[in-house]
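Descriptive structure summary
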Amino acid sequence: MYDYIIIGAGSAGCVLANRLSADPDAKVLLLEAGPRDSHPFIHMPAGLAKLVHNRRVNWNYHTAPEPALDGRTLWWPRGKVLGGSSSINAMCYTRGVPGDYDEWAASGATGWDWDSVLPWFRRSERNTRGGGALHGDAGPLYVSDLRHSNPLSHAFIEAGRQAGFAVNDDFNGPRQEGFGLYQVTQKNGARCSSAVAYLDPVRERRNLTIVTGAQVNRITFRKGRADGVIYTTKGRAYHEPVAREVLLSGGALNSPQLLMLSGIGPAMQLRRHGIDVVVDAPQVGENLQDHLDICTLRHCPQPITYDRLSDARIAFDYYLRGRTGIGTSNIAEAGGFVRSRFAPDERPDIQLHFVPAMLDDHGRHRLPGDGYTVHACFLRPRSRGRVRLMSGHAGDQVRIEANYLSDEEGFDLKMMVECAKLSRELLAQPAFDAYRGAPIFPARDDLDDDDLVAFIRAKAETIYHPVGTCRMGSDALSVVDPQLRVRGVEGLRVVDASVMPTLIGGNTNAPTMMIAERASELTRAG
Ligand SMILES: Cc1cc2nc3c(=O)[nH]c(=O)nc-3n(C[C@H](O)[C@H](O)[C@H](O)COP(=O)(O)OP(=O)(O)OC[C@H]3O[C@@H](n4cnc5c(N)ncnc54)[C@H](O)[C@@H]3O)c2cc1C
């Protein structure tokens, strides 16, 4: 019998599989709904532009119509493959700031303050610049400088400087604020997903079994304890028993879904779908938070963008020339963190990603010519959404109500307007004089606040950071306790982005892996 069953081989699940199977006496089963990570565009960083649209490796979610976004349904890609979303993401390595974690601890996530989590970030990291008080140099996750960057990315950093902001070569250093190139989760010019970092080195362990194409339908319980999982692979269903624990790492959408399908969730909702209630847990699926993002696009009069590149040529160059050149670009090469005039504390509250290509509708809508894109998002949204069941079947998608821009004070919308204005200000700097073509989105440079509100409602999209749907806390209503144990049952933890009480100020991959590093110790301690 397996000691541990891990559901989902994503950013968190691969970390758990590695750390728990390091004990040769522990038998570990890792179940992943998606396929192996063999697609070459997973490993060539610039392949992400194409990969994200590949249905074989993507759950391809859509939100319900968003009331504050003109009733639009937004596309939410999520990885469905070994490595999960870390196999299709943009590889930007950021952690947020200490205050984010101190806020977690203050909200009831006891023991998750910055001083407590930093060692786990360092444990996972192998920064190719070397280690230090804030960085690790011996972990499995390679964090590297980009091998290739576009002149426009450097113009963006210079524009930030001209607009009065600092230049910053380490967003995870003593100070997050400023403009610079992102460090990326790459090893020798190739993507370093959680599967590459944590599974590849230990695949031969005899006490670790990895099954792909295995969709878990339900966790089973006996006398209030998780005693196994039911999963389907190749058309056959199996009931796999567990000796010690089930660890649920399905991500911010699938983890609450699977809890609910297993009888843990809001009782009324479960009964409506014919599910027997194991624990009435009204907050499962609630507290959904995401970074809403507004893109400003302009034409570029010089043919130096990534718009016209042929994928075949990039791949040819990349593999023939030893993983150099444009194939190594994560596309969102440069960025910045800014503290706006509305920031309530010392933390930067706007993040920017610069893309030297026209990225309309996640790149799904190709535009003619050359251009570039500034992404801007508000880092600490006050709006809260939820995930609900559409049916009692694991194969069906969940209903996602992101509820963007729904906070009563209208603060999130005010901040999104600030984001759009900042992007415009940056592109107006002299650094862009040689590259400034006609505006695309918005179509004019002189929009007032009301016009910008309409623009945001019509065009804002996700920047892919949903969290919070299995909230960690010390109060009785929180879904998991600070040891990540699901309240009301034994032998079951949730370990992934869903446990974050609030969004951190940055990208969410590294924090998710940190959570899993720490969870592996909590699990081993029993
Ligand atoms: C397009 C995109 C770009 C992004 N860019 C960045 C970036 O540049 N930097 C950054 O830090 N973050 C980025 N992110 C966010 C980051 O990748 C995620 O926050 C992180 O990967 C979440 O990790 P997770 O373990 O919670 O979930 P995931 O990594 O999504 O893993 C969940 C896994 O569980 C599997 N699973 C789900 N349900 C079941 C089931 N029932 N049975 C079996 N298996 C199941 C899934 O297939 C998946 O493999 C991006 C995300 C996306 C989608």
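Everything that follows concerns the structure shown earlier in this document.
Calculation criteria
- Residues numbered from 1 in each chain as written.
- Predicted model: local features only at pLDDT ≥ 70, side-chain atom pairs only at ≥ 80, totals over all residues.
- Heavy atoms only, no water.
- Helix = DSSP H or I, 4+ residues; strand = E, 2+ residues; numbered from the N terminus.
- Salt bridge = Lys/Arg side-chain N within 4 Å of Asp/Glu carboxyl O.
- Buried < 20%, exposed > 50% of the residue type's maximum accessible area, 1.4 Å probe, protein only.
- Core = buried A, V, L, I, M, F, W, Y, C linked by side-chain atoms within 4.5 Å.
- Contact = heavy atoms within 4.5 Å.
- 1 Å grid on protein atoms, 1.4 Å probe; cavity = no way out; pocket = protein on both sides within 12 Å on 5 of 7 lines; lining within 4 Å.
- Points joined across faces, edges and corners; volume = space filled by probe spheres on them.
- Nonpolar A, V, L, I, M, F, W, Y, C, P; charged D, E, K, R; others polar.
- Near = heavy atom within 4 Å.
- Polar contact = N/O pair within 3.5 Å; in protein donor to acceptor, adjacent residues only side chain to side chain.
- Areas by Shrake-Rupley, 256 points an atom, 1.4 Å probe, with all protein chains shown as cover.
- Axes fitted to C-alpha atoms, helices over the stretch in contact; angles between N-to-C directions.
- Parallel < 35°, antiparallel > 145°, perpendicular 65-115°, else oblique.
- Pairing = 2+ DSSP bridges.

So, about unusual backbone geometry. Most peptide bonds take the trans form, and the phi angle of most residues other than glycine is negative. Cis geometry marks the peptide bond from phenylalanine 441 to proline 442; its omega dihedral reads -5 degrees. Topologically, proline 442 is positioned in the loop between strand 22 (439-441) and helix 12 (449-459). Phi is positive for asparagine 60, close to 60 degrees, though the residue is something other than glycine. When you line up the elements, asparagine 60 lands in the loop between helix 3 (48-51) and strand 3 (61-62). Phi is positive for aspartate 70, close to 60 degrees, though the residue is something other than glycine.

Take the pattern of salt bridges next. Counted by the stated rule, this structure contains 33 salt bridges. Among the salt bridges present, the one from aspartate 317 reaches arginine 321, with a minimum N-O distance of 3.7 Å. Assessed through its relative accessible area of 56%, arginine 321 is described here as exposed. Notably, a salt bridge pairs arginine 485 with aspartate 481, separated by 2.9 Å at the nearest N-O pair. Exposure remark for arginine 485: the relative accessible area of 36% places this residue in the partly exposed category. Counted as one network, the salt bridges with shared partners bring together Asp100, Glu103, Asp345, Arg347 and Arg380.

The biggest cluster of nonpolar side chains holds 85 residues, and the ones touching the most others in it are Trp104, Trp112, Leu259 and Leu492. Among the elements that line this core, the one with the most residues is helix 13 (residues 509-525), at 7 residues. Each residue touching leucine 259, except ones within four places of it in the same chain, is listed here: Leu248, Ile264, Val284, Cys470, Val479, Val486, Leu492 and Val494. Judged by nonpolar contacts, the second largest core, of 53 residues, contains Trp59, Leu69, Ala163 and Val398.

A separate point is empty space enclosed by the protein. Inspection of every chain in the model, using the stated rule, returns 4 cavities of 30 Å³ or more. Approximately 120 Å³ is the volume attributed to the largest cavity. Mapped by element, the contributors of at least two residues to the lining of the largest cavity are strand 16 (292-299) and strand 23 (461-462). It is strand 16 that contributes the most residues to the lining of the largest cavity, 4 residues altogether. Along the lines of polarity and charge, the residues of the lining of the largest cavity split into 6 nonpolar, 3 polar and 5 charged.

The environment of the ligand is made up of 38 residues, and the closest members are Ser11, Glu32, Ser85, Thr508 and Asn509. One nitrogen or oxygen atom from the side chain of glutamate 32 is found 2.6 Å from an oxygen atom belonging to the ligand. With the chains in place, 97% of the 1,000 Å² that the ligand exposes on its own is no longer accessible. Listing elements by their share of the shell around the ligand, those giving two or more residues are helix 1 (11-21), strand 11 (214-222), helix 8 (251-261) and helix 13. Here the shell around the ligand gets 3 residues from one element, more than from any other, and that element is strand 11. Counted by class, the shell around the ligand contains 16 nonpolar, 18 polar and 4 charged residues.

With that out of the way, let us pick up the packing of helix 4 (residues 98-106) against helix 5 (residues 114-124). Their axes nearest at 8 Å, the elements helix 4 and helix 5 cross at an angle of 120 degrees. The angle between helix 4 and helix 5 places the two elements in the oblique class. Residues Pro98, Tyr101 and Asp102 of helix 4 form the contact with helix 5, whose own contacting residues are Trp114, Val117 and Phe121. Across the contact of helix 4 with helix 5, the residue classes break down as 5 nonpolar, no polar and 1 charged.

Along the polypeptide, glutamine 269 turns up in helix 9 (residues 267-272). Ignoring any residue separated from it by four or fewer positions in sequence, one finds glutamine 269 in contact with Met260, Arg388 and Leu389.

With 6 of 6 residues buried, strand 18 (residues 350-355) lies mostly within the body of the structure. Here strand 18 shows two buried faces, one formed by Ile350, Leu352 and Phe354 and the other by Gln351, His353 and Val355. In terms of strand pairing, strand 17 (residues 334-338) meets strand 18 through 5 bridges, oriented antiparallel. The partner of glycine 336 across the bridge, within strand 18, is leucine 352.

A separate point is the layout of surface pockets. In this structure, the second largest pocket spans a volume of roughly 180 Å³. Forming the boundary of the second largest pocket are 14 residues, of which Arg218, Leu261, Ser262, Ile275 and Asp276 lie nearest the centre. When residues of the lining of the second largest pocket are assigned to their parent elements, the largest contribution, 5 residues, is made by strand 11. Split by residue class, the lining of the second largest pocket holds 5 nonpolar, 7 polar and 2 charged.

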